[in-house]
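The primary structure of each chain is shown beneath.
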Amino acid sequence: MAVPSFLKVDPAVERWNRMREDAYKHFRFTPRTTWVTMCGFVLVPGAIYYLASKTHLEWTWAGKRKGEALAQA
């Protein structure tokens, strides 16, 4: 592809862009990437599920009027 004459090509930017584009080719599971993956796919959804199940039937919004408590007795 021809580059217009008014555009300067920076080799460092080109090298960084190629590294970004080819990152998936050089990926390996290391202890750090394994920990990040476990946090993202196990701990975060597990925490959301725990909080959702803990507060599931604690509040009732149906048929409440102004001034009535939302917490179930």
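All figures in this text were calculated on a predicted structure; none of them were measured in a lab. (Residues numbered from 1 in each chain as written. Predicted model: local features only at pLDDT ≥ 70, side-chain atom pairs only at ≥ 80, totals over all residues. Heavy atoms only, no water.)

**Overview of the overall build of the protein chain**
Piece 1. Check the secondary structure of the protein chain and you find 2 helices and 0 strands.
Piece 2. Radius of gyration (C-alpha) of the protein chain: 26 Å, far over the 11 Å computed for a compact globule of 73 residues.
Piece 3. With respect to the three principal axes, the spread of C-alpha positions in the protein chain is 75 × 35 × 15 Å.
Piece 4. Buried residues in the protein chain amount to 1% of all 73 residues.
Piece 5. Total accessible area computed for the protein chain in this model is approximately 7500 Å², and 64% of it derives from carbon and sulfur atoms.
Piece 6. With 11 positive and 6 negative side-chain charges, the protein chain shows a spacing of 4 Å between the two charge centroids. (Helix = DSSP H or I, 4+ residues; strand = E, 2+ residues; numbered from the N terminus. Rg over C-alpha atoms; globule rule 2.2 N^0.38 Å. Buried < 20%, exposed > 50% of the residue type's maximum accessible area, 1.4 Å probe, protein only. Areas by Shrake-Rupley, 256 points an atom, 1.4 Å probe, with all protein chains shown as cover. Lys, Arg positive; Asp, Glu negative; His and termini not counted. Charge placed at Lys NZ, Arg CZ, Asp CG, Glu CD.)

**Points about the pattern of salt bridges**
Pairing between side chains of opposite charge can happen when the charged atoms of each approach one another.
Piece 1. Taken as a whole and judged by the stated rule, the model has 1 salt bridge.
Piece 2. The salt bridge partner of Lys25 is Asp22, with a shortest N-O separation of 3.6 Å.
Piece 3. Taking the relative accessible area as the measure of exposure, Lys25 reaches 51% and is therefore exposed. (Salt bridge = Lys/Arg side-chain N within 4 Å of Asp/Glu carboxyl O.)

**Concerning the packing of aromatic side chains**
Piece 1. Under the defined criterion, the tally for this structure stands at 1 aromatic pair.
Piece 2. Seen from their ring centres, Phe27 and Phe29 are 5.2 Å apart, and the 80° between their planes marks the pair as edge-to-face.
Piece 3. Here Phe27 falls in the partly exposed class, since its relative accessible area comes to 48%.
Piece 4. Since its relative accessible area comes to 59%, Phe29 is described here as exposed. (Phe/Tyr/Trp six-rings, centres within 6.5 Å; stacked < 30°, edge-to-face > 60°.)

**Some words on the side chain of Thr33**
Piece 1. Relative to the helices and strands, Thr33 resides in helix H2 (residues 31–54).
Piece 2. Once residues lying within four places of it in the same chain are set aside, the contact partners of Thr33 are Phe27 and Arg28. (Contact = heavy atoms within 4.5 Å.)

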